[in-house]
Amino acid sequence: MAIVTESAPAAAPSTAAAQPQETVDGFKLVIEALKLNGLDTIYGLPGIPITDLTRRAQADGIRVLSFRHEQNAGYAASIAGFLTQKPGICLTVSAPGFLNGLNALAHATTNCFPMILISGSSEREVVDLQQGDYEEMDQLAVAKTMCKRAYRVLHAQDIGIGIARAIRAAVSGRPGGVYLDLPAKLFGQVMNAEEGRKSLVKVIDAAPAQIPSAEAVKRAIDVLKSAKKPLIILGKGAAYAQSDDTIKALVEKSGAPFLPMSMAKGLLPDTHPQCAGAARSTVLKDSDVVLMVGARLNWLLSHGKGKAWGEPHSKKFIQIDIEPKEMDSNVEIVAPLVGDIGSCVTALLSAMGDKWTPAPSDWVNAVKTKKEDNIAKMAPKLMNNNSPMDYHGALGVLRQIVKERPDAMFVNEGANTLDLARGIIDMYKPRKRLDVGTWGIMGIGQGYSIAAAIETGKPVLAVEGDSAFGFSGMEIETICRYELPVTIVIFNNDGIYRGTDVNTGGSDPATTVFVKGARYDKLIEAFGGVGINATSPDELKRAVNAAMDSGKPTLINAVIDPAAGSESGRIGNLNPQSVLKKK
Ligand SMILES: Cc1ncc(C[n+]2csc(CCOP(=O)(O)OP(=O)(O)O)c2C)c(N)n1
Ligand SMILES: [Mg+2]
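Concerning the overall build of the protein chain
Next up, step 1: Scanning the protein chain from terminus to terminus reveals 23 helices and 20 strands.
Next up, step 2: Counting only C-alpha atoms and orienting by the principal axes, one finds that the protein chain spans roughly 90 × 65 × 55 Å.
Next up, step 3: Sorting the 583 residues of the protein chain into buried and exposed places 54% on the buried side.
Next up, step 4: A total of about 24,600 Å² of accessible surface is found on the protein chain, and carbon and sulfur atoms cover 54% of it.
Next up, step 5: Charge centroids of the protein chain, computed over 63 positive and 62 negative side chains, lie 7 Å from each other.

Digging into the pattern of salt bridges
Next up, step 1: Enumeration according to the criterion identifies 29 salt bridges in this entry.
Next up, step 2: Salt-bridge contacts for R219 lead to E215; the nearest nitrogen and oxygen are separated by 3.5 Å. Note that R219 and E215 are positioned in helix α11 (residues 214–225) at a spacing of four residues, about one turn of the helix.
Next up, step 3: Measuring nitrogen to oxygen at the nearest pair gives 2.9 Å for the salt bridge that ties R519 to D521.
Next up, step 4: Of the residues examined, D521 reaches a relative accessible area of 2% and is grouped as buried.
Next up, step 5: A single network of salt bridges, built from pairs that share partners, joins K28, E32 and D60.

Re the coordination of the magnesium ion (ligand 2)
Next up, step 1: The magnesium ion (ligand 2) binds to the protein through D466 (OD), N493 (OD1) and G495 (O); the donor distances cover 2.0 to 2.1 Å.
Next up, step 2: Positions of the donor residues of the magnesium ion (ligand 2) along the chain correspond to the pattern D-x26-N-x1-G. One end of the pair, D466, is in helix α20 (residues 466–470); the other, N493, is in the loop between β18 (486–492) and α22 (521–525), with 27 residues separating them in the sequence. Accessibility assignment for this pair places D466 and N493 in one class, buried.

About the criteria used
- Residues numbered from 1 in each chain as written.
- Chains lettered and ligands numbered in written order.
- Predicted model: local features only at pLDDT ≥ 70, side-chain atom pairs only at ≥ 80, totals over all residues.
- Heavy atoms only, no water.
- Helix = DSSP H or I, 4+ residues; strand = E, 2+ residues; numbered from the N terminus.
- Buried < 20%, exposed > 50% of the residue type's maximum accessible area, 1.4 Å probe, protein only.
- Areas by Shrake-Rupley, 256 points an atom, 1.4 Å probe, with all protein chains shown as cover.
- Lys, Arg positive; Asp, Glu negative; His and termini not counted.
- Charge placed at Lys NZ, Arg CZ, Asp CG, Glu CD.
- Salt bridge = Lys/Arg side-chain N within 4 Å of Asp/Glu carboxyl O.
- Donors = N, O, S within 2.8 Å, 3.2 Å for Na, K, Ca; no water.

Pasting the structure below:
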């Protein structure tokens, strides 16, 4: 550790004065604690009291990505956590910067991504007496309800332990968001350098394996054995686990159809013969035993009950999750398998042995037939060259591009733009598809794209609705500034869901429509990026290929028919309906 060396002041007692004293300050201790734990990237936005922390971190070899809004830095940190299994670090200023980052902290917690939001904060004494300090807020109290854990460090000698606790809390068990409050005064505190060095903690085995009990494994195997129509559902927890080969081996040995949740697409290729993505409603309805791997029975799976699941039924659920409280959250889980996904899948696989009878062929074939029918029905729609484009024509060419570039990262947000892209674009490798996640949140586009480029070094293709893009659009400057290989395609249909709504009560535009014929491509030109307007699938294909070949920041305005979308994409049924009939 490099240390600040200062001569003792002239007025100090005579013997001590002769010796130069090595000291270290809070800034340095924070930086060294992060580095010691392999945390080498910060996504943040400078200002009082953390500007010097960003400068000194950069000088000390930490990559500091400086954003235009903390929310986007936070989303970047959250997805960095998902991709690396290390907590993504977001750094903000006090009160308003902290609040801007808080959305991402809650998002990380909900999505089970490890992330640490580090915010500077104002003078404790003044804040606690509510005396009106600069950016005064009791941030720790506010953060507590939004994350797994929240900590504050008051003394330089506790920085090492504070950061160690934050790391452990973020990645162990079910990963999530952690808040770390660092008051302004902490950064300037000094202590003896040697003691400072000793106070740092390298976290050993931050996310310890959690082995399922033999009894739980046997119970799961017995249920799985009884299945006539087994189904495996892979969630983004399975993708996070980085146990790709083991999961593949389990799926293949079982012979069962599998359904990937959105961010688990590509864990096994969507083109795998057992993939039932194109026969989703059939497998949910008709399966008799469902093995959930790192997926939750939340709204995205209709809570495991109702029409979508073919109720009334006698389906049995086996669930692999590291969080015991996840079990029975929505329906009875007859075989809970609590542990980390790698250990649970390994245990299941070995308990299946060498003589496992694969899923019955009448079930496998029924799913296959349904899937092939659906794929055949979709195929002609994807080949149209209409101008303006519809979703299928535009996604048809993007589907081919992703197939030809399976290593590229794919970021996706919007309503129709999200739902249709998820169904149409096949993924071929794990952790390539990054999207709106558990909340269906808009605004992850540019933050995710930046982190995806930084963490993987791969080109990024981001496909975003025009509304979705707007939530983080200013970060195209960040993308240009760091010269990241990001190609953004905006599906521009002039609005939220559609661009055709009319206000029936006055002369203002309808609430869901935007300026017609907007040229988003021109925005990026302001920052030296490449802007292209694409009006047909052919043009779109040429533009995306050129952009991805060049590696230059590019924004493509893809002109989509304003009438093409439907309300809320595929989840229009969630809009509340009044008992009063619509006139
Ligand atoms: C933070 C946040 N605010 C608002 C919403 C509600 N919402 C869902 S999708 C969407 C935008 C859909 O429009 P667009 O991105 O243009 O996609 P399109 O359906 O038009 O293709 C909005 C505002 C949300 N999901 N998240
Ligand atoms: Mg739109």
